[in-house]
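The residues making up each chain are set out below.
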Amino acid sequence: MNFTVGFKPLLGDAHSMDNLEKQLICPICLEMFSKPVVILPCQHNLCRKCANDVFQASNPLWQSRGSTTVSSGGRFRCPSCRHEVVLDRHGVYGLQRNLLVENIIDIYKQESSRPLHSKAEQHLMCEEHEDEKINIYCLSCEVPTCSLCKVFGAHKDCEVAPLPTIYKRQKTELSDGIAMLVAGNDRVQAVITQMEEVCQTIEDNSRRQKQLLNQRFEALCSVLEERKGELLQALAKEQEEKLQRVRGLIRQYGDHLEASSKLVESAIQSMEEPQMALYLQAKELINKVGTMSKVELAGRPEPGYESMEQFTVSVEHVAEMLRTIDFQPGASREEEDEEVALDGEEGSAGPEEERPDRPEGTVPK
């Protein structure tokens, strides 16, 4: 259905009144504020009825004003700026009324009711019947039309209804839809807040588990370092013992070699004696040479004595076991509980109970 807009002559500042009317529209019902008008902490205004509808939708368990049960209040978000409004047990009835806006509405209605003055009157006119106003709504075609179209025109076989009735119905449906959207947005915002808290908790728990993981591996490295020190100490001890034995044999063989060399030198000098009588007096030297040649020195180190292969360490199975280290859910909490229990037992035990096998006369650490 096509229609045109017809205007009556403008008398007064109609444009200013239109701008004022836009400022007096409730963002919930999309109509002019109906008294009482409440002002939110964010300085936006709502009809108290609309504010109560939004509040009830966001707080379905909140008791009504006439209930005998004392409620703890609730919260909802401003439909204009999404600011969270926290209410006490009085609900929206605890919000302050905006008397200034109510007075402006009264003045606006008075000015608007004056004929041919402050506001331009406009009517939607039927395009087919130029002198007829659009005053009914075709339910079959879902378009507004005029009475002549219903009687003689294209909508004579259609079902129609008064235009104000359909107008109010659709306004109510849109207002209810807006309230539902606002309440749904509040629930979505609550879910977002909850998920943001979950993200923060995940970060905190991950940070804590990383610290515990570092502590576990540092403790494992400390055990490996300690064991490496013990093995190196055993190797150094064996090395020192073998070196001492071999060096002792070297000194013993050296002393024998020195004594034998001196005896050989003495024997050579005796061989050069031309006097046979004097030479025969050196029989003692001959005995020393015979004795020295028969001296048996301590045995040399057995073959392979220098080998240190017995100190070879096989770590393949340990390395393979380390590669199998993996996360065990719940193990960390159990270990913490055991540590707490052990700390409690050690704190309650006396000095003698802590070290029952301590030798007498020693001072406990």
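Residues numbered from 1 in each chain as written. Predicted model: local features only at pLDDT ≥ 70, side-chain atom pairs only at ≥ 80, totals over all residues. Heavy atoms only, no water.

Enquirer: So what exactly am I meant to see when it comes to the packing of helix α5 (residues 163-271) against helix α7 (residues 283-293) here?
Expert: Relative to each other, α5 and α7 sit at 145°, their axes nearing to 10 Å. In the crossing of α5 with α7, the sense of the turn from one axis to the other is left-handed. For the pair α5 and α7, contact is made by H256, A259, S260, L263, S266, A267 and S270 and by L285, K288, V289 and M292, respectively. For the contact of α5 with α7, the class distribution of residues is six nonpolar, four polar and one charged. (Axes fitted to C-alpha atoms, helices over the stretch in contact; angles between N-to-C directions. Helix = DSSP H or I, 4+ residues; strand = E, 2+ residues; numbered from the N terminus. Left-handed = near helix turned anticlockwise from the far one by under 90°. Contact = heavy atoms within 4.5 Å. Nonpolar A, V, L, I, M, F, W, Y, C, P; charged D, E, K, R; others polar.)

Enquirer: How do you make sense of the nonpolar core when you look at a structure like this?
Expert: Most often, soluble globular proteins keep nonpolar side chains buried together rather than apart. Ranked by internal contacts, the top residues of the largest apolar core, which has 27 residues, are C26, I28, F33, L46 and F76. Those elements that place two or more of their residues in this core are β2 (37-39), β3 (45-47), α2 (48-58), β5 (84-87), α3 (99-113) and α5. The leading source of residues in this core is α2, at four residues. Discounting residues that sit within four places of it in the chain, L46 has contacts with C26, P27, I28, F33, P36, V37, V38, L40, A51, F76 and P79. (Core = buried A, V, L, I, M, F, W, Y, C linked by side-chain atoms within 4.5 Å. Buried < 20%, exposed > 50% of the residue type's maximum accessible area, 1.4 Å probe, protein only.)

Enquirer: Help me understand the packing of α2 against α5, please; the structure alone is not making it clear to me.
Expert: In a pair of packed helices, the angle between the axes and the distance between the axes together describe the arrangement. The N-to-C vectors of α2 and α5 enclose an angle of 40°; their axes lie 9 Å apart at closest approach. When the axes of α2 and α5 are compared, the pair comes out oblique. Considering only the axes of α2 and α5, their crossing is right-handed. On α5, the residues touching V54, A57 and S58 of α2 are A179, V182, A183, D186 and R187. Its residues placed into classes, the contact of α2 with α5 shows five nonpolar, one polar and two charged. (Parallel < 35°, antiparallel > 145°, perpendicular 65-115°, else oblique.)

Enquirer: Help me out: how do you make sense of a negative patch on the surface in this one?
Expert: A contiguous patch of negative charge, built from E127, E128, E130 and D131, is present on the exposed surface. The residue E130 is located in the loop between β6 (122-126) and β7 (136-138) in this model. (Patch = residues over 30% accessible without salt bridge, like charges linked within 9 Å, V, L, I, M, F, W, Y side chains within 5 Å. Areas by Shrake-Rupley, 256 points an atom, 1.4 Å probe, with all protein chains shown as cover. Salt bridge = Lys/Arg side-chain N within 4 Å of Asp/Glu carboxyl O. Lys, Arg positive; Asp, Glu negative; His and termini not counted. Charge placed at Lys NZ, Arg CZ, Asp CG, Glu CD.)

Enquirer: What exactly am I supposed to notice about unusual backbone geometry here?
Expert: As a rule of thumb, non-glycine residues mostly have phi less than zero, and peptide bonds are mostly trans rather than cis. Note that the residue after K35, namely P36, is joined by a cis bond; omega there is 0°. Structurally, P36 can be placed in the loop between α1 (14-23) and β2. Although it is not a glycine, L30 sits at a positive phi angle of roughly 60°. Relative to the helices and strands, L30 resides in the loop between α1 and β2. Overall, L30 belongs to the partly exposed group, its relative accessible area being 33%.

Enquirer: Which parts of the structure should I look at to understand the pattern of salt bridges?
Expert: Note on pairing: side chains with opposite charge can pair once their charged atoms come close. In total, this model carries 12 salt bridges according to the counting rule given. With a closest N to O distance of 3.7 Å, E31 and K171 form a salt bridge. Here E31 is found in the loop between α1 and β2, whereas its partner K171 is found in helix α5, with 140 residues between them in sequence.

Enquirer: What's the story with a nonpolar patch on the surface in this structure? I'm lost.
Expert: Taken together, the side chains of L213, F217, L224, L322, I325 and F327 define a hydrophobic patch exposed on the protein surface, amounting to about 560 Å² of accessible area. The dominant element in the nonpolar patch, judged by the number of residues it contributes, is α5, at three residues. Positionally, L213 belongs in helix α5. A residue is classified by how much of its surface remains accessible, and L213, at 35% relative accessible area, is partly exposed.

Enquirer: What is the right way to read the sheet that holds strand β8 (residues 143-145) from this model?
Expert: The strands that make up a sheet are held in pairs by hydrogen bonds between backbone atoms, and each pair lies either parallel or antiparallel. Strand order in the open sheet formed by three strands is β8-β7-β9, and the pairing between neighbours is antiparallel. The open sheet has two free edges, formed respectively by β8 and β9 (160-162), since each of these has just one partner strand. With strand direction ignored, the average angle separating the axes of adjacent strands in the sheet is 35°. One ladder, built from three bridges, connects β7 with β9; its direction is antiparallel. Opposite Y137, over in β9, you have A161 as the bridge partner. Where α5 meets the sheet, its contacts fall on β7, β8 and β9, and the angle it forms with β9 comes to roughly 80°. (Pairing = 2+ DSSP bridges.)

Any functional reading would require information beyond the geometric quantities listed.
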